[in-house]
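# Fold and contact review
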Amino acid sequence: MSNLFIFFSLITSLFSSENPQLTIKISNIEKMKGEIIIGIFDKDKNFLKEGSAIKNYTVKVEKNTAFITITDLPKGEYAVTMYHDENSDKECNRNFMGMPKESYAFSNNFKPKFGPPKFKDCKFELIENKTLNIKMIN
């Protein structure tokens, strides 16, 4: 009987749909208005292309630090992008040279120098509960 229980426990754990919990702490928010728009990517292909994120989340800005807990991502490799949509127009406003006028950030706190980052610059592995501390670039 105990062998049968162990067998079913093993089979159940193999097919478990439990996703790890990803908590993101967003700091260095300068203006207390609007919202933070977050995009989650899982591939290099189409990274940063509008409409290509596999998941999108929104966090209302009320303090200079915000938190979001995400529980609907399966184990895997991901990259997080975000921007502070201060005027709530659902766009990352840019200047005439294409540089963001609103604060933005990437996982791994990657700071681009000569152009946008690549997926490999921002990727991280989500295999168990994880907390990312991401600082907005103003």
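Residues numbered from 1 in each chain as written. Predicted model: local features only at pLDDT ≥ 70, side-chain atom pairs only at ≥ 80, totals over all residues. Heavy atoms only, no water.

The strand order across the open sheet formed by three strands is E4-E1-E8, and the pairing between neighbours is mixed. Each end of this open sheet is capped by a strand with a single partner; those strands are strand E4 (66-70) and strand E8 (130-135). Averaged over all pairs of adjacent strands, the angle between their axes in this sheet comes to 15°, without regard to strand direction. Bridge count between strand E1 (residues 22-27) and E8: six bridges; the pairing is parallel. The residue bridging Thr23 from the neighbouring strand is Thr131, located in E8. (Pairing = 2+ DSSP bridges. Helix = DSSP H or I, 4+ residues; strand = E, 2+ residues; numbered from the N terminus. Axes fitted to C-alpha atoms, helices over the stretch in contact; angles between N-to-C directions.)

Moving on to the packing of aromatic side chains. Here the structure, examined in full by the defined rule, presents three aromatic pairs. Plain terms: the ring middles of Phe47 and Phe119 are 5.7 Å apart, the flat faces sit at 80° to each other, and that makes the pair edge-to-face. Residue Phe47 is found in the loop between strand E2 (35-41) and strand E3 (55-60), and its partner Phe119 is found in helix H2 (residues 119-122); the two are separated by 72 residues along the sequence. Among the residues examined, Phe119 registers a relative accessible area of 6% and is labelled buried. With a centroid separation of 5.9 Å and 65° between ring planes, the pair formed by Tyr104 and Phe106 is classed as edge-to-face. Take Tyr104 and Phe106: they sit in the same class, and that class is buried. Here the aromatic residues Phe41, Phe47 and Phe119 are joined through ring pairs into a cluster of three or more. (Phe/Tyr/Trp six-rings, centres within 6.5 Å; stacked < 30°, edge-to-face > 60°. Buried < 20%, exposed > 50% of the residue type's maximum accessible area, 1.4 Å probe, protein only.)

Here the focus is the confidence of the model for the protein chain. Here the protein chain averages 89 in pLDDT, and 88% of its residues register 70 or above. The model gives residues 4-16 a pLDDT under 50, and that stretch makes zero contacts with residues more than four places away or in other chains. (pLDDT = per-residue confidence, 0-100. Contact = heavy atoms within 4.5 Å.)

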